[in-house]
Each structure stands twice: as structure tokens, then as C-alpha cells.
Amino acid sequence: MGKLKVGIIGVGGIAKGAHIPGYLRLKDKVEIVALCDIIPERAQKKAAELEIKHVFTDYNQMLEMDEIDIISVCTPNYAHAPATIAALNAGKHVICEKPMARNAKEAAEMVKAYKKSGKILTVGYQWRFDPDIQALKSLIDNGEFGEIYFAKAIATRRRGIPAWGDFLNLEKQGGGPLVDIGTHALDLTLYLMGNPQPETVLGSSYTKIADKGCLNNFRDYDPKDYQVEDAAFGYIKMKNGATLSLETSWAMNIMDDEIFGTEVYGSLSGARFHCGKPLTVVSEAHERININQILRRDKIGSNYHAEIEHFVDCILEGKEPLVKPEEALNVMKIQDAIYASQKTKAAITIE
Ligand SMILES: NC(=O)c1ccc[n+]([C@@H]2O[C@H](COP(=O)([O-])OP(=O)(O)OC[C@H]3O[C@@H](n4cnc5c(N)ncnc54)[C@H](O)[C@@H]3O)[C@@H](O)[C@H]2O)c1
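Please read all numbers here as calculations on a predicted model, not as lab measurements. (Residues numbered from 1 in each chain as written. Predicted model: local features only at pLDDT ≥ 70, side-chain atom pairs only at ≥ 80, totals over all residues. Heavy atoms only, no water.)

### A look at the nonpolar core
Step number 1: Formed by 84 residues in total, the largest nonpolar core has its most connected members in Ile71, Met100, Ile161 and Leu244.
Step number 2: With 9 residues, the top contributor of residues to this core is helix 8 (residues 177–192).
Step number 3: Those residues in contact with Leu244 that lie beyond four places of it in its chain are Ala151, Ala153, Leu186, Thr189, Leu190, Met193, Gly234, Tyr235, Ile236 and Met238.
Step number 4: In terms of nonpolar packing, the next biggest core, distinct from the first, is built from 23 residues, Val30, Ile52, Ile95 and Cys314 among them. (Core = buried A, V, L, I, M, F, W, Y, C linked by side-chain atoms within 4.5 Å. Buried < 20%, exposed > 50% of the residue type's maximum accessible area, 1.4 Å probe, protein only. Helix = DSSP H or I, 4+ residues; strand = E, 2+ residues; numbered from the N terminus. Contact = heavy atoms within 4.5 Å.)

Spelled out as C-alpha cells, the structure:
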């Protein structure tokens, strides 16, 4: 079998920073053959740099290339569903960036197309591949946490508004920090909890700071363009009785500059993973409480590299990907329910 051929839709930050370098590392397995961006110079510039022959502005034309096996969808959220569905219908394997789509309705259409296609679909929740998370997941799967009945998903920034591209545009993105960074923490926490089915969601979302114009660690922006929430919170009860609490913000008057992480609390042990700090596990053994700090080992590459390599290996070896489309759809259902709960001032039941 020859090398798998890759086409990339959307040649912006995540394509250039994660997907393209991820595929370039795997030169013996894959080759990037086509780039597509609605801004032609973006695709042209990268194609010239990497000697990629085919450049498109319309992904439907790119999908007519029979030789393409793999599509990376790296566009803003509004194009995730249509581009992914078109790629699956054209017989391609797809990795779509997070969040899966703008809402659960679009994500459900993607799952439908995936099931019909017989191809692989996965979503860019690269944090699952973090070595600390994998170590923690092994402990949990070995039963060392007992029953996990409470967990926290945290993705908060004091001032960290991604003011480039379409991130402030509600129609194009579907939301603010909840769908941008909260989605990662939520997925990670659900993964560690064993992906329980969500049942009831009470949520709040606020726009109190960013729409007025505030200091921003990333770049200046015009507050008139700000259309999404700047903070969101959720309290999610699972069908198995467990509870998950979620906090996320791009702008909030919090003490830490930024926290990204997850905490899981079980009947036998608890753990805290906050990015940039050692993973900490607490458990009761030998009649005393032990707190162990597990330092990062085997950091073989970035989580993005591990994600892309895993996706390619799933195609080559016929394996199921770690991030399953149905799990990403559940994340979307919780996000939708948080926004719906804010509007209705009531708890939302997830069917
Ligand atoms: N996994 C992660 O941690 C992570 C990090 C950053 C961004 N992302 C996700 O990646 C996606 C893109 O984010 P980004 O930061 O790269 O944005 P970006 O604005 O830098 O790049 C998006 C690119 O897509 C192009 N585009 C828009 N519509 C298109 C279409 N219909 N067809 C082809 N190209 C199109 C734009 O012109 C732009 O070049 C978002 O969904 C974001 O949530 C994920």
C-alpha cells in the first residue's frame, strides 16, 4: 500500500501549527497533496513552501480528487459540519477540529454521515493524548479510583480572547469560551469519567467584560465585534448518578492568569490535572492519606502529534479512534444545554 494522501481544508492557525506539522512527521506513511482555503494566498503560500501541487478555494472541488484518502477540517466552526459531511460522502477519512460543530444538531448530521460512510471520523480533542492524562486514565481503568462521583472541568482565562479569525462571531462559531476551550476541558473530564451519559444540565452564560472592551493578553479588538459569551458555567448530572461541574472564561476577574484542567474524585482516590503543574493524586492507603505528585515522563511529542499519528494508524490498522464521534456529539449536547438553560432559567433534560 502506498502512502495515504492528505487534503487540508482551512489553512489557518491550527492547520499550520498542528495538522501540517503532525503529518510532516509521518513522511513514510502520509503525504499532503492538497490545501484549500477561501483566502487563496493562505493556501498558496503554504503550498509553495512545502511544494504541494494542488491548491483550492472550494473544498468540494478538492474532494473530487480520488487520490485523497484523508481530510483535515481546520476551518472556523460554521464549516465543520458541511465540510466533514461532504468529505465522508466523498469516501474520505476525516479528522475535524473541535468543537465538532456549532451545535448538536449539526454534529448529529455528521454522525449520520459517518455511519453511512464506513470511514473513520474523529474530532480534535488532543488533550486526551497528554501523557499525564493517559497515566491517570490507566489508574482509573485499573480501579484505583473506585467510583468517580464528582469531577470538575476548568478552562478559565482572566483575559485571553482569541480576537482573530471568526472567534467573536456568534453565527460562525456557535459560542465563545464554552465552545472554544470549555469544550476541551469538558471532553477530557467526560473521558476520565468513562464517558457517562449526561441527563440533566443547569447552566449559565454571561457577557460582562469582553463586550465593553477590555485588556486582552492576545491582541486588541473592537468591542463592537464581540457577540459571544465571555464566561459560562455548567452543573451536569449523569445517568449513572455522577456530577460534573464546568467553569470556562475568556475574560473573568479571577486570580490565576489561566487554568486549564480537570479534577476527578472517586470513592478510593482523587486527582487534579492542571496544565503546567504536576498531576496530583490523593488516596487513602495504609491508614494514612497519600498525596503523590506524578511528574511528566515519556513526553515524546506534543499532544497534537500524538493525535495525528493515532488517527493515521487507525486508518492503516483498521482501529477505532480514541475520540469517537458519538462522544464528541455528547459534548455538543451538554454545551447546547448550558446555553438553553441560560435562556430558559431552568434545568435541561438531555434525551
Ligand atoms: N484543538 C485545538 O486546541 C485548537 C486550537 C486552535 C483552533 N482550533 C479549532 O480550529 C478551527 C480553526 O481555528 P484557527 O485558529 O486555525 O482559525 P484561523 O482563523 O486561524 O483559520 C481558519 C482558516 O479557515 C479558512 N476558512 C474559513 N472558511 C473556510 C471554508 N469554507 N473553506 C476553506 N477554508 C475556510 C479561513 O480563511 C482561515 O484561513 C476552529 O474550529 C478552532 O476551534 C482547535
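### Some points on the site of the ligand
Step number 1: Taken together, 27 residues surround the ligand, and among them Ile14, Asp37, Arg42, Asn77 and Tyr78 come closest.
Step number 2: In this structure, an oxygen atom belonging to the ligand sits 2.9 Å away from a main-chain N or O atom of Gly13.
Step number 3: Between the ligand and Arg42, the relevant distance is 2.6 Å, taken from an oxygen atom to a side-chain nitrogen or oxygen of the residue.
Step number 4: Protein coverage of the free-state accessible area of the ligand, which is 850 Å², stands at 89%.
Step number 5: The residue inventory of the shell around the ligand, partitioned by class, reads 13 nonpolar, 10 polar and 4 charged. (Near = heavy atom within 4 Å. Polar contact = N/O pair within 3.5 Å; in protein donor to acceptor, adjacent residues only side chain to side chain. Areas by Shrake-Rupley, 256 points an atom, 1.4 Å probe, with all protein chains shown as cover. Nonpolar A, V, L, I, M, F, W, Y, C, P; charged D, E, K, R; others polar.)

### Description of the packing of helix 8 against helix 10 (residues 325–344)
A packed helix pair is summarised by two numbers, namely the angle formed by the two axes and the spacing between the axes.
Step number 1: Axis separation between helix 8 and helix 10 bottoms out at 10 Å; the angle between their running directions is 125 degrees. Looking at the two axes, helix 8 sits oblique to helix 10. Handedness of the helix 8/helix 10 crossing: right-handed. Contacts between helix 8 and helix 10 involve Leu178, Val179, Thr183, Leu186, Asp187 and Leu190 from the first element and Val331, Ile334, Gln335, Ile338 and Tyr339 from the second.
Step number 2: Broken down by class, the residue content of the contact of helix 8 with helix 10 amounts to 8 nonpolar, 2 polar and 1 charged. (Axes fitted to C-alpha atoms, helices over the stretch in contact; angles between N-to-C directions. Parallel < 35°, antiparallel > 145°, perpendicular 65-115°, else oblique. Left-handed = near helix turned anticlockwise from the far one by under 90°.)

Shape is all these values report; function is a separate question.
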